[in-house]
Amino acid sequence: MRHGKKVNHLGRQTSHRKAMLANMACSLIEHKRINTTVAKAKALKQFVEPLITKSKAENNQSADKGTHNRRIVFKYLRDKYAVGELFGAVSEKVGDRPGGYTRIIKLGNRLGDNADMAMIELVDFNELYNAGKPKKKTTRRSRRGGGAKTETPPVAVETKTDDSEE
């Protein structure tokens, strides 16, 4: 039985699994989307989302906190370029998002071994899904609805009478 076992081992030893997830996370940060199997995509989502949270600007207000978070992320990713990209362009885009930075889209089965394939992508970098949606307000409102309601007064409609046509 696997009670309380949260890690999907993906059929690999610990060192191989950590290296694979680090490489996949670097590729995801660099290319903004990658194709992989569904199981690896789910494992990658759990791996990369806490790292993106550490890169957000609100977590790096002072220089020592920013340096510390960069070192923690570098311990997992082991790629200087990926850490720079994560703390630069990616953290700017996801700054107002409270979580859920990645999206998994299932693609079907692979031809060779019939494995379930998926595409994992960074949500804010997909222009097709975000094109029609307006920017949300960042203010939070209570559920009680205490806001004042404004009503527009009714507008009088003028009727035309044209005597020349009759």
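Residues numbered from 1 in each chain as written. Predicted model: local features only at pLDDT ≥ 70, side-chain atom pairs only at ≥ 80, totals over all residues. Heavy atoms only, no water.

1. Things to note about the overall build of the protein chain
A tally of helices and strands in the protein chain yields 5 helices and 3 strands. The linear arrangement of helices and strands in the protein chain, starting from the amino end, is α-β-α-α-α-β-β-α. Counting the 166 residues in the protein chain, one finds 31% classified as buried. Nonlocal contacts in the protein chain, meaning residues at least 24 apart in sequence, comprise 57% of its contacts between residues at least 6 apart. Split by element, the accessible area of the protein chain, about 12800 Å² in all, is 51% carbon and sulfur. (Helix = DSSP H or I, 4+ residues; strand = E, 2+ residues; numbered from the N terminus. Buried < 20%, exposed > 50% of the residue type's maximum accessible area, 1.4 Å probe, protein only. Contact = heavy atoms within 4.5 Å. Areas by Shrake-Rupley, 256 points an atom, 1.4 Å probe, with all protein chains shown as cover.)

2. Topic: the pairing of strand E2 (residues 102–109)
Here 7 bridges tie E2 to strand E3 (residues 116–122), and the two strands are oriented antiparallel to one another. Note that in E3 the partner of Ile104 across the bridge is Ile120. Between E2 and E3, which pair antiparallel in sequence order, lie 6 residues; one of them, Asn114, sits at a positive phi of approximately 65°. (Pairing = 2+ DSSP bridges.)

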